[in-house]
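One letter stands for each residue in the lines below.
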Amino acid sequence: MTIQQCKYILAIARYGSMNEAAKSLLVSQASLSSAVRELEEEFSIRIFDRSNKGVRITRDGSEFIRYARQLLAQYEVITNRYDSDDKKSVRNFAITSQHYDFIAEAFVSFMNNIHSDYNLSLKEGKTSEVIDDVKNLSSDIGVLAYLKAPSGGYMERYLKRNGLSSKPILETSPYVFLGKHHPLASRESLSLDELSDYPYITYDQGDTGPIEFSEELAENNHSKKQIRISDRATLMNLLLSTNSYTIGTGIMSSELNNSGNVISVKLSSSDIYSIVLITRADVALSEDAEKFVSTLYEIASRRSKTN
């Protein structure tokens, strides 16, 4: 299979006609038909059903086209990155993280210290997306949390099986985040039983992820009211507007919470969680990735000491 063959397949799918695709590609229809036939024989599938009315994408063809689009997108990223000396000087760095505001703070600090052209990416997502992005080299590094266990937990084994290594950024006990006007805001510590009547906010991990992929630093499946969200802006609005709560690191950027409207209260729990940096075990970090990691450690250390 070649990149050119993938381009041919996508053109045929776009135009719905071998003839029109051939015209757009400036190749003969015979060359196009030959390329399709070679691919179908190579993978023992039928990509298109042909008729006098044009072509129709088969079920196997639909799946193949989806993968071909992804392949070409990655090919274009590579060619755009290396096709000229000017582009080689552009700084490239990407990170995928669970929803932590100190990551955004580190990203801003890192960005403000770059004095050349750059192509940066900061993505917040589900635990599975953090892992997949680093595994597939879509991101240089990822950040996530899991329960620390003396003998090694599920997440550590899962990361290792996927060729990833992890390095602790900080360790923390779980804290309850709630608005300053919450009925329990004045407490020095809280138990899950005391929280059971209040809405519990969690980040949606989809229906297929294991329980260990939960982003919250404690499970509260016995809560009578549960809210699933996907972004930090919604979390802040709910905490400020309702008597809901979530459970996290206790670390909140002062820049994002300068009015102190959201507070953290220690959860009565003996659990210790690790916030970790994950990378591909077989890939060395770039110079920019190393600089970001250094910035991240400084901010995480400073924030943890003030909480």
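Residues numbered from 1 in each chain as written. Predicted model: local features only at pLDDT ≥ 70, side-chain atom pairs only at ≥ 80, totals over all residues. Heavy atoms only, no water.

## Brief notes about the overall build of the protein chain
Helix and strand counts for the protein chain come out as eleven helices and 13 strands. Residue pairs in contact within the protein chain that sit at least 24 positions apart in sequence constitute 74% of those at least 6 positions apart. Accessible surface, the protein chain as shown: approximately 16,700 Å² in total, 48% of it carbon and sulfur. (Helix = DSSP H or I, 4+ residues; strand = E, 2+ residues; numbered from the N terminus. Contact = heavy atoms within 4.5 Å. Areas by Shrake-Rupley, 256 points an atom, 1.4 Å probe, with all protein chains shown as cover.)

## A short note on the pattern of salt bridges
Taken as a whole and judged by the stated rule, the model has eleven salt bridges. Between E124 and R232 there is a salt bridge, with its nearest N and O atoms 2.8 Å apart. With E124 in strand β4 (residues 118-124) and R232 in helix α10 (residues 232-241), this residue pair connects regions lying 108 residues apart in the sequence. Close ionic contact of R280 with D282 constitutes a salt bridge, the shortest N to O distance being 2.8 Å. (Salt bridge = Lys/Arg side-chain N within 4 Å of Asp/Glu carboxyl O.)

## Some points on the packing of aromatic side chains
Summed over the entire model, instances satisfying the criterion amount to eight aromatic pairs. Geometrically, the ring pair formed by Y100 and F102 is stacked, given 5.7 Å between the ring centres and 25° between the ring planes. Summarising the burial analysis for this pair, Y100 and F102 share the class buried. With centroids separated by 6.5 Å and ring planes inclined at 65°, the aromatic side chains of F107 and F292 adopt a geometry described as edge-to-face. With F107 in helix α6 (residues 101-112) and F292 in helix α11 (residues 287-305), this pair connects stretches of sequence that are 185 residues apart. The exposure classification of F107 matches that of F292, with both residues buried. A network of ring pairs unites the aromatic residues F93, F107, F110 and F292 as a single cluster. A cation over a ring is seen here: R66 above Y67, with NZ or CZ 5.6 Å from the ring centre. Cation over ring: K266 sits above Y175, and NZ or CZ is 5.6 Å from the ring centre. (Phe/Tyr/Trp six-rings, centres within 6.5 Å; stacked < 30°, edge-to-face > 60°. Buried < 20%, exposed > 50% of the residue type's maximum accessible area, 1.4 Å probe, protein only. Lys NZ or Arg CZ within 6 Å of the ring centre and 35° of its normal.)

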